[in-house]
Amino acid sequence: MLYRTTGQFKTSYAADHALFPVRQDAVLMVIVLLFAWVIFPLTANEFVFQALLIPVLIYSLAALGLNILTGYAGQLSLGTGAFMGVGAYACYKLITIFPEMNLLVAIAISGLFSTAVGVAFGIPSLRIKGFYLAIATLAAQFFLVWLFEKWAWLYNYNASGAIQVPNMDMFGIRVAGPTASSMVQYYFVLFVVCVVTYFAINITRGRIGRMWKAVRDMDIAAELVGINLLKAKLIAFAVSSYIVGVSGALFVFLWRGAAEPNLFDIPLSFRVLFIAIIGGLGSILGNYLGAILIVALPVILNIIPEVFGLDINAATIEHLNIMIVGTLIIGVLIIEPHGLARFWAIIREKLIIWPFPH
Amino acid sequence: MKKRFRSVVFGTAICLGSALAVPPAFAEDTIYAPNLAYRTGPFAATGIPLMNGQRDYIMMLNARDGGVNGVKIEYDECETGYSTEKGVECYEKTKSSAVVTQPWSTGITLQVLPKTNVDQIPILAPGYGFSPMSNGKVFQWAFNPPASYWDGASMMLNYVSDGDLSTLGGKKIALLHLDHPFGKEPIPLFEAMAEEHGFEFLPIPVGLKEMQNQSAQWLQIRRENPDYVLMWGWGAMNAGALSEAVKTRYPMDQFIGIWWAGHDDDLKTVGERGKGYKSISWSVPVNDAPVMADIKKHVVDAGDSLIDNPEDMNTVFYQRGILISMFLVEGIKAAQEHFGTKVVTPEQLRWGLANLNIDDAKIAELGMTGMLAPFSTSCDNHTGHADAWILQWDGTKFAPASDRISADRGVIEPLEQAKAMEYADANAPWPINEECS
């Protein structure tokens, strides 16, 4: 009833190819955007911005980048954290060399550095597949983090080896650095995430996206129908690394404010990979759902005992938290191995045929 | 299926509800002092005794005196697992009602340091953090009493040279350090000192992933055969280094750790074979000090402590935790007296921490005679630069093995000044307090 699609006739190809052919989807999207752009910023306090909203968006973006490579093009990568690091360090060097540069431009350019590194490490993907490719990307992970530690030029020879975000203005508004307001940072991140997501949806449902899916499902068959495998895979690596690099720059500049090399180490790669897997490989929506589960849920679980006035030891809460989130992840993957996005797809399907299920 | 949907909807509703809930307000007559503790994760073994000491001192004051001048201190922990990300989350969560931030990691300190100017909340980082924080003009909200890492490095050099640094000429000193902001802290000072006094300085980094397997580093030490190995280690790295030192038969009495590398439990794993290992320390365990008796009586025997065994009170780290809470409480007391209020604000506490006067009489009054050296802070000196001792492991416990050692402030101060200004420039516009004389 809520999701009745009867009566929504498409009379032109353009209408049939619309981003949301079903009207209810579009309405739902508008509601989500309304929450993201108006209601959350109006109600959130500093803690909600810094611990929930901004990280969820940034992690979703990183997972989106990985999902294009792994979920759409079928190339498993374990180097996401390091590629985020490339974006972050590139952005840091750009804004320290050219202090007048607009932060948005710097972030857009820093994605290109990540693209170059990603493509370089993607070249072997034509020859090595599956787990072996994962190992090659793992090499990228270790090599790049080692480089972040040893190449002092990257962090401007800072004694602590960490990079720090200076105060930066854009059109007279402080957008990054310690004195920037959380709301401005949130809107900045939200803007970038919305733009990238829009492009990602359109790439993945267009010609290139179909090419990737063909390669993912069976690369020999894809080659036989005339798809250039090397090109398809390298485009996937390029687009994916670009998005991951942008998310890395946002990660440091709009959220953390400072970073040391080991921040980009393998736990970060795994975290992003888990978000993509739990959210659902080969879906855009899944990245957001996955990030909410992995990033936001532990924070919320941490404050629940306090809200209900329970006096539990902080370490015990942390242990409980790890257990609950772990159980949930296993539970979700048992009930629905295709991730949360598939979960939503089932709900939507049921709603469409409700109240007369077959 | 339908049931599952309902539970999903219900779960989402709960999540949303609690996400928008505001952290609870605290009663008017208490002072909220959170601690960004780490009782979980790879550094938990070193964190737990420190946190227990901090907690028990405050519990003791609340039980014995009813708080500080009649105001109870609400000690609360926010678990970080030593993760910078969780640390910042904890900072954001607690900052609205807290009088102080105790970040407990150099990484978290670096992260929150620039924010404190905006949020106007003091950082208390005793014996860790960024050494130039000592400059109170630049770092108006940060305090690292009683000694900074650069003080520690200078004291170690003074100790190995018997107070005459010129004797170090031609010697070789290795620094085994964690490859992390914390471990890199003393390098600028060592480099400056090496240039001035003509000794060879050899930094040997230990990556976070190599903490437990330092065979490569110790192979290098064996090959280079330095006259002294100084260690900036933490958590699992210390035990790893000690067992490798035993294996390579490096002379233990030429092996000196910073104060965080003097943890009883790390040494217990090597026991007798670690005999002779030294650690510079601004705190000395005095098991029969009056304050220890009070804690035993009011907290441990009353069953309010988190320690399992009263024997655990006799460790370096537990007693150092007590001193750390003492700095905070003395800061609160100073602020209460100066401003004539009971419940101090973060702004007032900043004044209190900048006017700590821990002299011998005060130490005796607190029942801590012998546990630390006297020091005082001021508007432009946020560290105090107290003296320290060398503690030596005798096979079962740490015992002082030297007189009080001072740092060469004349060498450190210009370096602190330069680095502090560098930091301020990199983070411009950065407020500088010119009122300090």
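All values reported here derive from a predicted model rather than from experimental measurement. (Residues numbered from 1 in each chain as written. Chains lettered and ligands numbered in written order. Predicted model: local features only at pLDDT ≥ 70, side-chain atom pairs only at ≥ 80, totals over all residues.)

Trainee: What exactly am I supposed to notice about the overall build of chain B here?
Mentor: Of regular secondary structure, chain B possesses 15 helices and 13 strands. Its C-alpha atoms give chain B a radius of gyration of 22 Å, within 12% of the compact-globule value 22 Å for 437 residues. For chain B, the C-alpha atoms occupy an extent of roughly 70 × 65 × 50 Å along the three principal directions. In chain B, which comprises 437 residues, the proportion classed as buried is 54%. When contacts within chain B are restricted to residue pairs at least 6 apart in sequence, those whose partners lie at least 24 apart make up 70%. (Helix = DSSP H or I, 4+ residues; strand = E, 2+ residues; numbered from the N terminus. Rg over C-alpha atoms; globule rule 2.2 N^0.38 Å. Buried ≥ 20, exposed ≤ 12 C-beta atoms within 10 Å, placed from the backbone. Contact = placed C-beta atoms within 7 Å.)

Trainee: Help me out: how do you make sense of the nonpolar core in this one?
Mentor: For soluble globular proteins, nonpolar side chains are generally found buried alongside one another. Ile58, Leu61, Val189, Ile243 and Leu250 of chain A are the most contacted members of the largest nonpolar core, which has 242 residues in total. Sorting elements by how many residues they give to this core places helix α3 (residues 46-72) of chain A first, with 19 residues. (Core = buried A, V, L, I, M, F, W, Y, C linked by C-beta atoms within 7 Å.)

Trainee: Is there a simple way to think about the pairing of strand β1 (residues 30-35) of chain B in this case?
Mentor: Looking along a regular strand, one sees side chains alternate from face to face of the sheet. Residues and elements named next belong to chain B. As paired strands, β1 and strand β2 (residues 72-77) are joined by six bridges and run parallel to one another. Following the sheet pairing, Pro34 is matched in β2 by Asp76. Between the parallel elements β1 and β2, the chain passes through helix α2 (residues 44-64) in a crossover that is right-handed. (Pairing = 2+ DSSP bridges. Right-handed = clockwise from strand over helix to strand, strands pointing away.)

Trainee: Before we go on, may I ask you to explain α3 of chain A in this structure?
Mentor: An α-helical segment advances 3.6 residues per turn. Residues three or four places apart therefore align on the same side. All names here are of chain A. With 27 residues, α3 should reach 39 Å at 1.5 Å per residue; the first-to-last C-alpha distance of 36 Å fits that figure. Taken across its 27 residues, α3 has 26 buried, putting it largely inside the fold. Positioned one or two residues after α3, Gly74 has a phi angle of 75°, which is positive. (Expected span 1.5 Å × (residues − 1).)

Trainee: Honestly, helix α9 (residues 236-248) of chain B in this entry has me stumped. Any pointers?
Mentor: All names here are of chain B. End to end, α9 covers 19 Å across 13 residues, agreeing with the expected 18 Å (1.5 Å per residue, within 8%). Taken together, the buried positions of α9 are occupied by Met237, Asn238, Ala239, Gly240, Ala241, Leu242, Glu244 and Ala245. Its buried side turned inward, α9 meets β5 (172-178), β6 (200-206), α8 (215-224), β7 (228-232), β8 (255-257) and α10 (264-268). Count one or two residues on from α9 and you reach Arg249, which has phi positive near 55°.

Trainee: Sorry, what's going on with the pairing of β5 of chain B here?
Mentor: Residues and elements named next belong to chain B. Counting buried residues in β5 gives six out of seven residues, a clear majority hidden from the surface. Strand direction decides the pairing type here: β5 and β6, joined by seven bridges, are parallel. Within β6, the position partnered with Leu176 by the bridge is Ile204. Pairing between β5 and β7: five bridges, direction parallel. Among the inter-strand pairings, Leu175 is bridged to a residue of β7, identified as Leu230.

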